[in-house]
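Remarks on the overall topology
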Amino acid sequence: MPERKKRVFSGMQPSGEAHLGNYLGALRQWVEMQEDHDCVWCIVDDHAITAGGDPRELPKNVFDLAVSFLAVGLDPEKSIIFVQSDVHQHTELAWLFNAVTPVGELERMTQYKDKSQRFESVPAGIFNYPILQAADILLYLTDAVPVGEDQRQHLELTREIARKWNAAYGDLFPEPEAIIGKAGRILGLDGDAKMSKSLGNTVGVLAEPEEVWARVRTAVTDPQRVRRDDPGRPEVCNVYALHGFFTDEPTRDDIAARCRAGEIGCVDCKKILSAGISDAFAPFRERAEHFRNHPEEVRRILDDGAEKARAIASETMGRVRHLMGLEWREALDS
Ligand code: SF4
């Protein structure tokens, strides 16, 4: 009998088109995983509401992220691709997980501490966010979750919720393991913070070459390099780190040697990077154009994905409700 593929789940918040950081840190790996995993990829709009924002923009942001998913190569024939709010079981299970989640653990979450600083009165959604994440993951009896370092703590909590729930109600949920991406921490073009659209330190995966260049040309380089013939230090330069994803090894070695010798200017170096990014993303732009011109196809893919997700989710919830004593009619009849 063929071995059962490991099920993986991951989600991404819809804030429009995916960007370079999303691609290098997650989507690239998701595309690869489709070949040998049972994949469930979710656009987490229920999570997005905790960030506030204009609700009139949310549907378009969901659509744009779906187009990005499909453009970079997530394939509905190989993966389940859907929108979180289309599967109400996520929020239902999150509520039920409140029964076993210690408040102290939620208070310990680094992301909660960071995010809550931005509010005078902290919304409960910010506090409960990791419970909904646990529900997202465990609803599909997920074996493994591709995560960045910054999500590791939340996954640990998910594992703890699974343990506590299983101990209280019965052995149902696996403790999903973390699959840490190979890309490591990817800094934004400012060379300082994690890539993020709100910080404006990244570039969209569907950006045209001119736009890619407009963003890459602003990238921070070795701060000690002032003039073109100053010797540079590729090992501390974020532009050089990004070359690692888009430039072949001989060219990278050549850049490093010429940088150290003060024989290549940063503008020329960035032009090579910008061209590499634009070339790598060319097939994405082409596929995105197709999907933007056929929104009905995107809608059908998300509808199909939601239907498949609901089938798994409702089976899990049937077992959860039974084990938690929430099927009172059936219990009284038996
Ligand atoms: Fe960085 Fe390239 Fe400038 Fe060297 S030449 S400092 S690697 S941008």
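Residues numbered from 1 in each chain as written. Predicted model: local features only at pLDDT ≥ 70, side-chain atom pairs only at ≥ 80, totals over all residues. Heavy atoms only, no water.

Some remarks on the pairing of strand β4 (residues 144-147)
Covered by surrounding structure in β4 are Ala144 and Pro146 together with Val145 and Val147, the residues of both alternating faces. Pairing between β4 and strand β5 (residues 177-180): four bridges, direction parallel. Residue Ala144 lies in a different strand from β5, and its bridge partner there is Glu177. In terms of handedness, the path from β4 via helix α8 (residues 152-169) over to β5 forms a crossover that is right-handed. (Buried < 20%, exposed > 50% of the residue type's maximum accessible area, 1.4 Å probe, protein only. Helix = DSSP H or I, 4+ residues; strand = E, 2+ residues; numbered from the N terminus. Pairing = 2+ DSSP bridges. Right-handed = clockwise from strand over helix to strand, strands pointing away.)

Re the domain arrangement of the chain
Split by domain assignment, the chain resolves into domain 1 (7-186 + 295-333) and domain 2 (209-288). Listed per partner, the contact involves eleven residues of domain 1 and eight residues of domain 2. Between the two partners, domain 1 and domain 2, sit zero salt bridges. Counting the contacts that link domain 1 with domain 2 gives one residue pair in polar contact (both at pLDDT 80 or more). Counting residues per element, the ones that place at least two in the side of domain 1 that touches domain 2 are α1 (20-33) and α3 (58-72). (Domains from an automatic or database assignment. Contact = heavy atoms within 4.5 Å. Salt bridge = Lys/Arg side-chain N within 4 Å of Asp/Glu carboxyl O. Polar contact = N/O pair within 3.5 Å; in protein donor to acceptor, adjacent residues only side chain to side chain.)

Focus: the packing of α1 against helix α10 (residues 238-246)
Contact geometry for α1 and α10: axes closest at 12 Å, N-to-C directions at 50°. Judged by the inter-axis angle, α1 sits oblique to α10. As α1 runs across α10, the sense of the crossing is left-handed. Contacts from Leu20, Leu24 and Arg28 of α1 reach α10 at Leu242, Phe245 and Phe246. (Axes fitted to C-alpha atoms, helices over the stretch in contact; angles between N-to-C directions. Parallel < 35°, antiparallel > 145°, perpendicular 65-115°, else oblique. Left-handed = near helix turned anticlockwise from the far one by under 90°.)

So, the site of the ligand
By nearness alone, every residue bordering the ligand is listed as Thr221, Asp222, Arg225, Cys237, Val239, Tyr240, Cys259, Ile264, Cys266 and Cys269. Every element with two or more residues in the shell around the ligand is listed here: α10 and α12 (266-293). The residue makeup of the shell around the ligand, split by class, is seven nonpolar, one polar and two charged. (Near = heavy atom within 4 Å. Nonpolar A, V, L, I, M, F, W, Y, C, P; charged D, E, K, R; others polar.)

Some words on the pattern of salt bridges
Tallied over the full model, the rule gives 19 salt bridges. Glu35 is the partner of Lys78 in a salt bridge, and the nearest nitrogen-oxygen pair spans 2.9 Å. Highlighted residues: Lys78 in the loop between α3 and β3 (79-83) and Glu35 in the loop between α1 and β2 (38-43), separated in sequence by 43 residues. Across the pair Asp268 and Arg228 runs a salt bridge whose closest N-O atoms are separated by 3.2 Å. Taken together, the residues span a long stretch of sequence, with Asp268 in helix α12 and Arg228 in the loop between α9 (209-216) and α10 at a distance of 40 residues.

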